[in-house]
Amino acid sequence: MAKNSYDAKAIEVLSGLDPVKKRPGMYTDTSNPNHLIQEVLDNSVDEALSGHCSNIKISLLKDGCINVSDNGRGMPVDIHPEHKVTGVELILCKLHAGAKFSGDDYNFSGGLHGVGVSVVNALSETLDVRVKRESKEYQISFNNGEKISELKEIGEVGVRNTGTSITFQPNSEYFEDLNVQVKSLKHLLKAKAVLCPGLTIEFVNEKKSNDKEKWFFEDGLKSYLIDSSEGSELILADSILCSKAGSTQGLEFAINWSLRPPKNKLDETYVNLIPTAQGGSHLNGFKSGLLDSLKEFCDYRNLLPKGLKINADDIINNAIFIVSSKLQNPQFAGQTKERLDSKDHMSFVSSTTKDALSIWLNTHTEEGEKIAELAIMSAQARAKVSKIVERKKTFKGPALPGKLSDCNSQDLNETELFLVEGDSAGGSAKQARERSFQAIMPLRGKILNTWDLESTEIIKSQEIKNLSTAIGVLPGNNDLSSLRYGKICILADADSDGLHIATLLCALFLRHYKLLVQEGRIFISMPPLYRIDCGKEVLYALDDSQREEIVKNFKSKKGKPKINIQRFKGLGEMNPSQLRETVMDPSTRQLVKLSISPSDNANSMMDLLLSKKNAAARKEWLEKKGSLAKI
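The rules behind each value
- Counting from 1, residues in each chain are numbered in the order their sequence is written.
- With pLDDT at 70 or above as the cut-off, local features in this predicted model cover only qualifying residues; side-chain atom pairs require 80 or more to be listed or tallied, and sums for whole chains, interfaces and linings still use all residues.
- Hydrogens and water are ignored here; the side-chain numbers use all heavy atoms of the structure.
- We count a stretch as a helix when DSSP gives it H or I for four or more residues in a row; a strand needs E for two or more, and each element gets its number in order from the N terminus.
- Each residue is assigned to one of three classes by its accessible area relative to the maximum for its type, calculated with a 1.4 Å probe on protein chains only: buried under 20%, partly exposed between the two thresholds, exposed over 50%.
- Every residue pair with non-hydrogen atoms within 4.5 Å of one another is taken to be in contact.
- In short, Shrake-Rupley with a 1.4 Å probe defines the accessible areas, and a residue's cover is counted only from the protein chains shown.
- Take the buried residues of types Ala, Val, Leu, Ile, Met, Phe, Trp, Tyr and Cys, join any two whose side-chain atoms come within 4.5 Å, and each joined set is a nonpolar core.
- Any two strands between which DSSP finds at least two bridges are classified as paired.
- Fitting a line to C-alpha atoms yields each axis, with helices limited to the stretch in contact; the angle taken between N-to-C directions then spans 0 to 180 degrees.
- A clockwise turn of the near helix away from the far one marks a right-handed crossing, whereas an anticlockwise turn of less than a right angle marks a left-handed crossing.
- Asp, Glu, Lys and Arg are counted as charged, while Ala, Val, Leu, Ile, Met, Phe, Trp, Tyr, Cys and Pro are counted as nonpolar; the rest, among them Gly, fall into the polar class.
- One speaks of a salt bridge when a side-chain nitrogen belonging to Lys or Arg is within 4 Å of a carboxyl oxygen belonging to Asp or Glu.
- Between the rings of Phe, Tyr and Trp (Trp by its six-membered ring), a pair exists once the centres lie within 6.5 Å; its type follows the angle of the planes, with under 30 degrees stacked, over 60 edge-to-face, and the other angles tilted.
- Geometrically, a lysine NZ or arginine CZ counts as sitting over a ring once it is within 6 Å of the ring centre and also within 35 degrees of the ring normal.

So, on to the overall build of the chain. For the chain, the count of helices and strands is 19 helices and 21 strands. A burial count over the chain gives 48% of its 631 residues as buried. Excluding contacts between residues fewer than 6 apart, the proportion of contacts in the chain whose partners are at least 24 apart in sequence is 68%. A total accessible area of about 31,500 Å² is found for the chain, and carbon and sulfur atoms account for 48% of it.

Here S455 lies in helix α12 (residues 455-458). Among the residues examined, S455 registers a relative accessible area of 16% and is labelled buried. If we ignore the near neighbours within four places in the chain, the residues touching S455 are P475, G476 and H512.

Membership of the largest hydrophobic core comes to 59 residues, with the highest contact counts inside it found for I37, I56, I58, V129 and F168. If one sorts the elements of this core by residue count, helix α5 (residues 182-195) sits on top with 7 residues. When near neighbours in sequence (up to four residues on either side) are disregarded, I56 contacts L41, S44, V45, V68, S69, D70, L199, T200, I201 and E202. Of all hydrophobic cores here, the second largest spans 37 residues; its members include M441, L504, V517 and L594.

Strand order in the open sheet made by the 5 strands is β9-β10-β13-β11-β12, with mixed pairing throughout. Both edges of this open sheet fall to β9 (240-245) and β12 (274-275), since each of them pairs with a single strand only. Note: β9 against strand β10 (residues 249-257), 6 bridges, orientation antiparallel. The residue bridging S243 from the neighbouring strand is E252, located in β10. Lying over the sheet, helix α9 (residues 343-363) contacts β9, β10 and β13 (319-327), oriented at roughly 45 degrees with respect to β10.

Neighbouring strands of a sheet are bound in pairs by backbone hydrogen bonds; such pairs are parallel or else antiparallel. A sheet is described by the order of its strands in space; here 8 strands give the open sequence β5-β4-β3-β6-β2-β1-β7-β8, paired in mixed fashion. Strands at the two margins of the open sheet, each flanked by one partner only, are β5 (146-156) and β8 (212-215). When the angles between neighbouring strand axes are averaged without regard to direction, this sheet yields 10 degrees. Set on the sheet, α5 makes contact with β1 (55-60), β7 (200-205) and β8; between it and β7 the angle comes to about 165 degrees.

Counting buried residues along β7, 6 of its 6 residues qualify, which places the element largely inside the surrounding structure. Residues T200, E202 and V204 of β7 are buried on one face, and the alternating residues I201, F203 and N205, pointing to the opposite face, are buried as well. Examined bridge by bridge, β1 and β7 share 6 bridges and lie parallel to one another. Across the sheet, the residue bridging to N55 is T200, located in β7. The antiparallel pairing of β7 with β8 creates a hairpin that spans 6 residues between the two strands.

We now examine helix α13 (residues 462-471). One turn of the α-helix equals 3.6 residues, which is why residues spaced by three or four share an orientation. Of all 10 residues that make up α13, 9 are buried, and the element is covered over most of its length. Of the residues making up α13, those classed as buried are E463, I464, K465, N466, L467, S468, T469, A470 and I471. Phi turns positive one or two residues past the end of α13, at G472, with a value near 95 degrees.

Looking now at the packing of helix α7 (residues 281-301) against α9. Their axes nearest at 7 Å, the elements α7 and α9 cross at an angle of 35 degrees. Note on packing geometry: the crossing formed by α7 with α9 is right-handed. Taken together, the residues of the contact of α7 with α9 break down into 8 nonpolar, 12 polar and 4 charged.

On to the environment of G486. Mapped onto the elements, G486 comes out in the loop between α13 and β16 (487-491). Between the C-alpha atoms of G486 and D411, which are 75 residues apart in sequence, the distance is 7.7 Å. Setting aside its immediate chain neighbours within four residues, G486 contacts L412, T415 and R521.

What follows covers the environment of A429. Looking at the secondary structure, you find A429 in helix α11 (residues 423-432). Judged by relative accessible area, A429 falls into the buried class, the value being 0%. For A429 and V583, which are 154 residues apart along the polypeptide, the C-alpha to C-alpha distance reads 9.4 Å. Leave out the neighbours within four places in its chain, and A429 touches V420, I440, L579 and M584.

Our focus in this paragraph is the pattern of salt bridges. Inspection of the entire model under this criterion finds 19 salt bridges. A salt bridge links K287 to D313; its shortest N-O distance comes to 3.4 Å. With K287 in helix α7 and D313 in helix α8 (residues 312-316), the pair connects residues that are 26 residues apart, well separated along the chain. Ionic contacts of the salt-bridge type, sharing partners, join the residues E89, K147 and E150 into one network.

So, on to the packing of aromatic side chains. Applying the stated criterion across every chain yields a total of 3 aromatic pairs. Measuring from ring centre to ring centre gives 5.3 Å for F286 and F321, while their planes differ by 45 degrees; the resulting arrangement is tilted. Here F286 is found in helix α7, whereas its partner F321 is found in strand β13, with 35 residues between them in sequence. Residue classification places F286 among the buried residues on the basis of a relative accessible area of 0%. Taken together, F253, F286 and F321 form an aromatic cluster joined through their ring pairs. Positioned above the aromatic ring of Y530, the side-chain terminus of R547 is 4.8 Å from the ring centre.

Within strand β6 (residues 163-170), 7 of the 8 residues are buried, leaving the element largely enclosed by the surrounding structure. Note: strand β2 (residues 66-70) against β6, 5 bridges, orientation antiparallel. Looking at the pairing, N67 lines up with T167 of β6. Across 8 bridges, the pairing between strand β3 (residues 124-133) and β6 is antiparallel.

In C-alpha cells form, the structure reads like this:
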C-alpha cells in the first residue's frame, strides 16, 4: 500500500560518497571507465599547468586496474585543521573537497568542484594511493570508496622525488563495459601533451606488449594541426597561430583552411586542457571573432557580392582548428564538463581572435582573399538551398509535409520527432504516441544515400525535402534557431532492412546535420524482435541472445511453465500499446544516442559502407568480415 503521509521522516540525506553511488550518471560517463581516467589525469595536468609537474604516466595493468602517476608535488599528507583527517583522505572521501576553489594554489585548473577523484574512489572496487612528499613515501587504500587502511609511511625517497600514484579498479556494478577505449584515451593524452608544451605523457598497455607511446611537444598547437591535417589540401603554407595570456584568462588557437571540407575535420576546443566536445562560450567567441575580422576585411576590399551576407559557419566550414582557453573559475554545463558556460570569457576570446586575425589578414592580403572566397562560396550555396525550400513553401501548398503528424508543444526540452519506417508502422505509432510532445513522420522505404552528395543536391529528393521541412533545418545549415524538435528518433524494424534504413538516416545526419549530432539530438530507437510470455509475465527481447537468456530464466522457475515466443516481423505488426511500451514511453523505452568523438573512425567506416568509390574495398571487407556483423 502506498504511503500517503509526507513528513520530515521521508527526507533522505545522502552522506559521504553515497550520492555518487546512487546516481553515478550525474558524475561520470558510465558507458566505460575513460572518464574516470580523465578525472585522475586532470589533477596531474593541473599540477603541470601550475609548473609543478613535467611527467605523467598512464598504465593499463594486466589485472584490469588502471594507474595514473605524476611527478608533481604529491597530495597533502598532513592533518586538516577542521576535519581532522589527512589531506589525501579528505580529497578521496569527501565531495567538494579540493585546493582549487580559491585559486591560491592553482591559477588555472580543470578540477573545480572537488568531486573528480572522489568519484573515481566511489565507483572503484579498489583504489590505492601512493604519495612521495618531503623525502618520504606514504600509502593509503580504499575499497568501494571506504578506507581500509590508514595513511602510513612505507619508505624514504630523495628530497626531489615527489608525486602521486593512483591505482584503481573500476566497479562493474556502475559501468556498461569495463574495457577502456584505448584509441579515444590516446587521442586525449596526445591532446593534453600538445596543449601543455614541455609536459611528457607516457602510455603503457600491459595487456598488449608493444602498446606503448610517449608524447612531448615543444611547439604545441602548430605540430598538432600539421599532424591532424595530413591528406588535406591546405590553402595556407603556415597556419595562423595566436597566443595571449593574462592573469585571469588566456587563449591559444591554431587555424588553417582546406580547399574542400575535410572528411576527418579537426575542430577541437579545450578549457584548462579539458576537452569540451559541445563547445560553449569559448567556441562561440572564437567564431564571433573570425566573423567580425573577415567581414571587416571583405568590406574594406569590397569582396562581398551585393546582397550576400556571410556567417560564422561559412567561415569555418572548410577550416581545421584547435582552440585552447584558460581561465579562472570556468563554469561548465554538468560534471562531465563537455560545454563551457562562462559568458564573460566569450568577449575575451572574441576580441582576442578578432585582433589577431585582423592583423594577419592585413599583412597577408592574397591569402586572406582565398579565405574570403571560400566563405563567399559557402554563403552562396546556403542562399541557393534556402531559395529552393522557400519556393516550395510559397507555391506548393502547406509548409509542413502532409504525412507529418505534429505535436502540440513547442518546447525543445520535451518535443520528439519519430522517423518511422513505412505507413503501417506510422499508423500504429500515431496511436501509441503522446500527442502533446511526440510527432510522427512516416518514411517511404529507403531514403537516398546522401554520403557522397552535397547538401545542395540532396534537397532535390522529395523525401529529404519533406524531412528537412519537418525538422525545420536545411541540410548543411548550422543555424539551429528554427529547429522544431529537441529529439529526433530513428524508428526502424529490427531486421536487416530496418538496419539499412537506419544506416542511411545516420549517414544523412552525420554528413549534413552534424551539429544536431554534436548537440546530442539524434537517437536510434531499439524496438524488440521478440515477445516472450510466461504465465502473466511478458518480457521483450532485442535479439536472439536476450531471448535465450529470458527463456532460460523462465525455465529455471518451479514447475513446467508454458513459454510462448512471438517474433515480430516489423513495427507494423505490433499493436499501439506494445509500441508505446517498448519504443515510445520515456519510462520504459530504450534509445541509443548517435554521437561522434574526435578520435573515432566514423567517417572512414561510413565511407567504406556507403561511398560509391569504395565498392571494391567494401566487397573485400564483406568477404573478410561480413560474418562478424550482428543483426
